[in-house]
Amino acid sequence: MRLKNILAAAAAFAFCTVSFASLAANAGEVKTIDCSNASALGLGDEGNALRRNIYNVWGNSVEDMDPNTAVSEYIKIDFTISGIGSDSARKDTSSTTKYDADGVNYYAFVGGSIAGNSRHSISGADATSEYTPITGDGNYTVTWTLDAPSENISCLYLQTNIDFTEYVAEADRETAEKEKNTGASGITITINSITSVEPDKEEETSEGSDENGEGETTTTTADDSGSNHNDNNNNNSTTASKSTTTTAAGNSSASTTAATAASSVSNTPTGDTSGVVVAAVVLTAAGAAAVLSRKKD
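Everything numeric in this text was worked out from a predicted model, so none of it was measured.

1. Remarks on the pairing of strand 5 (residues 74-82)
Regular strands have side chains that alternate between both faces of the sheet.
Next up, step 1: Alignment of strand 5 against strand 9 (residues 138-145), held across 8 bridges, turns out to be antiparallel. Of the residues in strand 9, the one forming a bridge with T80 is N139.
Next up, step 2: Pairing geometry for strand 5 and strand 11 (residues 188-197), over 7 bridges, is antiparallel. When the bridges of strand 11 are listed, F79 appears paired with I191.

2. Some remarks on the pairing of strand 1 (residues 30-33)
Next up, step 1: Judged by which residues are buried, strand 1 turns out to be one-sided: K31 and I33 face inward and are buried, whereas V30 and T32, on the alternate face, are not.
Next up, step 2: Pairing of strand 1 with strand 11, which is carried by 4 bridges, proceeds in the antiparallel orientation. What sits directly across from K31, in strand 11, is S196.

3. Considering the pattern of salt bridges
Next up, step 1: Counted according to the given criterion, the structure contains 4 salt bridges.
Next up, step 2: As a salt-bridge pair, K31 and E198 come within 2.7 Å of each other at their nearest N and O atoms. Placement of the pair is K31 in strand 1 and E198 in the loop between strand 11 and helix 3 (201-208), with a sequence separation of 167 residues.
Next up, step 3: Residue R119 pairs with E130 through a salt bridge whose shortest N-O separation is 2.9 Å. Remark: E130 occurs in the loop between strand 7 (117-119) and strand 8 (132-133) and R119 occurs in strand 7; sequence separation between them is 11 residues. Summarising the burial analysis for this pair, R119 and E130 share the class buried.

4. Points about unusual backbone geometry
Next up, step 1: Even without a glycine there, the phi angle at N37 is positive, about 55 degrees.
Next up, step 2: With a phi angle near 55 degrees, K180 is a residue other than glycine that sits in the positive phi range.
Next up, step 3: Turning to its location among the elements, K180 is positioned in the loop between helix 2 (170-179) and strand 11.
Next up, step 4: Here K180 falls in the buried class, since its relative accessible area comes to 19%.

5. A few points about the packing of aromatic side chains
Next up, step 1: Applying the stated criterion across every chain, the model contains 3 aromatic pairs.
Next up, step 2: Between the aromatic rings of Y107 and Y131, the centroid separation amounts to 5.1 Å while the plane-to-plane angle is 85 degrees, which identifies the pairing as edge-to-face. In this pair, Y107 is assigned in strand 6 (residues 107-114) and Y131 in the loop between strand 7 and strand 8, connecting sequence segments 24 residues apart.
Next up, step 3: Lying across the ring of Y74, K76 places its NZ or CZ 5.6 Å from the centre.
Next up, step 4: It is K91 that lies over the ring of Y167; its NZ or CZ is 4.5 Å from the centre.

6. Structural notes on the side chain of R51
Next up, step 1: Relative to the assigned elements, R51 resides in strand 3 (residues 49-56).
Next up, step 2: Summary of buried charges: R51 has no salt-bridge partner, and the nearest side chain of opposite charge, D45, is 4.6 Å away.
Next up, step 3: Side-chain polar atoms of R51 contact the side chain of Q159, separated by 2.5 Å.

7. Concerning the sheet that holds strand 11
Next up, step 1: Across the sheet, 4 strands lie side by side as 1-11-5-9; this open sheet has antiparallel pairing. With one partner strand each, in any of the chains shown, strand 1 and strand 9 form the two edges of the open sheet. Geometrically, the sheet is characterised by an average inter-axis angle of 25 degrees between neighbouring strands, direction not taken into account.

8. Some points on the confidence of the model for the protein chain
Close inspection of predicted coordinates is inappropriate for parts of the model with low pLDDT.
Next up, step 1: Confidence in the prediction of the protein chain, expressed as mean pLDDT, is 72, and 57% of residues score 70 or more.
Next up, step 2: The lowest-confidence element of the protein chain is helix 4 (residues 261-264), averaging 34 in pLDDT; the highest-confidence one is strand 11, averaging 98.
Next up, step 3: With pLDDT under 50 throughout, residues 12-27 is counted as low confidence; its partners more than four residues away or in other chains account for 15 contacts.

9. Considerations on the nonpolar core
Next up, step 1: Ranked by internal contacts, the top residues of the largest apolar core, which has 34 residues, are I75, I77, F79, I134 and I162.
Next up, step 2: For this core, the secondary structure elements donating two or more residues are strand 3, strand 5, strand 6, strand 9, strand 10 (155-163) and strand 11.
Next up, step 3: Looking at which element gives the most residues to this core, the answer is strand 5, with 4 residues.
Next up, step 4: Membership of the second largest hydrophobic core comes to 5 residues, among which are A49, Y99, Y107 and F109.

Definitions and limits used
Residues numbered from 1 in each chain as written. Predicted model: local features only at pLDDT ≥ 70, side-chain atom pairs only at ≥ 80, totals over all residues. Heavy atoms only, no water. Pairing = 2+ DSSP bridges. Helix = DSSP H or I, 4+ residues; strand = E, 2+ residues; numbered from the N terminus. Buried < 20%, exposed > 50% of the residue type's maximum accessible area, 1.4 Å probe, protein only. Salt bridge = Lys/Arg side-chain N within 4 Å of Asp/Glu carboxyl O. Phe/Tyr/Trp six-rings, centres within 6.5 Å; stacked < 30°, edge-to-face > 60°. Lys NZ or Arg CZ within 6 Å of the ring centre and 35° of its normal. Lys, Arg positive; Asp, Glu negative; His and termini not counted. Polar contact = N/O pair within 3.5 Å; in protein donor to acceptor, adjacent residues only side chain to side chain. Axes fitted to C-alpha atoms, helices over the stretch in contact; angles between N-to-C directions. pLDDT = per-residue confidence, 0-100. Contact = heavy atoms within 4.5 Å. Core = buried A, V, L, I, M, F, W, Y, C linked by side-chain atoms within 4.5 Å.

Here you go:
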C-alpha cells in the first residue's frame with residue numbers, strides 16, 4: 001500500500017510540473033504602450049475625416065510611439081475627444097465617407113497595419129463591429145482584435161468620420177479645408193492609453209520556424225481598402241504598403257528522447273517546456289526505481 005501511495009504521489013508531481021510549464025508558456029501579460037500625443041490632428045485618406053495618427057510614416061512623419069513593440073490578441077485605445085459639444089452626427093447629412101458605419105452618426109475605430117493584420121476602413125471588405133459611437137465630448141475606448149501576434153507595428157492610428165470643417169467658422173472654412181488646417185476646428189483627440197498583450201515566446205517561435213528549426217517569416221501587408229491612400233494632405237495619408245519581418249529561432253530539440261534528456265535539458269531554449277517535461281518524467285522514473293530497489297532489499 002505504501003509503495004502505491006509513493007508512486008501515485010510521484011505521478012501527480014510529474015503531472016503538475018507539466019501542467020505548470022504549459023500554463024506559464026501560454027500566459028500573456030497585458031502591456032501599456034507609451035504614446036506622446038506630440039503630433040497635430042490629421043485626416044484620413046478620404047475627405048475631411050479627423051484622424052489621430054499614432055505611428056504613421058507612410059506619407060506622414062508621425063512617430064508618437066515606438067514601432068518596435070511586440071503585440072498580440074488586441075490593440076485597445078482609450079481616448080478623449082473635445083470640441084464637438086454634444087454632437088453625435090454630421091451636420092451635413094448629404095456627405096459620406098468610407099469611415100461611416102450607419103449613415104452620418106459619428107464613430108471611431110482603430111486602423112493600421114500590424115504583421116498579417118490590416119484595417120483601413122470601417123465598411124465593405126473591412127466590415128467589423130469593432131468601432132465605438134461618438135456621442136459628444138467625452139472619454140471612449142475602442143478595440144482592434146488581432147488575428148496574429150507581431151514583434152512590431154508598421155502603422156497605427158485612431159480614425160473617426162468627423163468632418164473637421166463643420167466646426168470651423170464659416171468665413172474661414174474654405175481656407176481651412178484647402179490648407180487641411182484641422183486646428184481651426186478647435187477639436188482635440190487625446191490618446192490616454194494604448195494596451196495590448198505581450199506575445200507568448202512559444203507563439204513567436206512557432207510562427208517563424210522552418211523544417212530546419214530556424215527561419216524567417218515575412219508578411220507583406222497590402223492596403224486592402226481599395227484606396228491608394230494618397231490625398232492632398234501629405235501629413236495625413238497612407239501611401240504604401242509595408243513589410244513586417246519576424247525572425248524566430250526554432251527549437252530543434254523538441255524530439256529529444258528520454259535516453260538523452262540529461263544532456264539536453266541545459267540546452268533547452270527559453271520558453272520551451274520539452275526539457276521540463278522530460279526531466280520530470282526521468283526524475284519520476286528514477287524515484288520509482290529507487291523505491292522498488294529498497295523494497296526488494
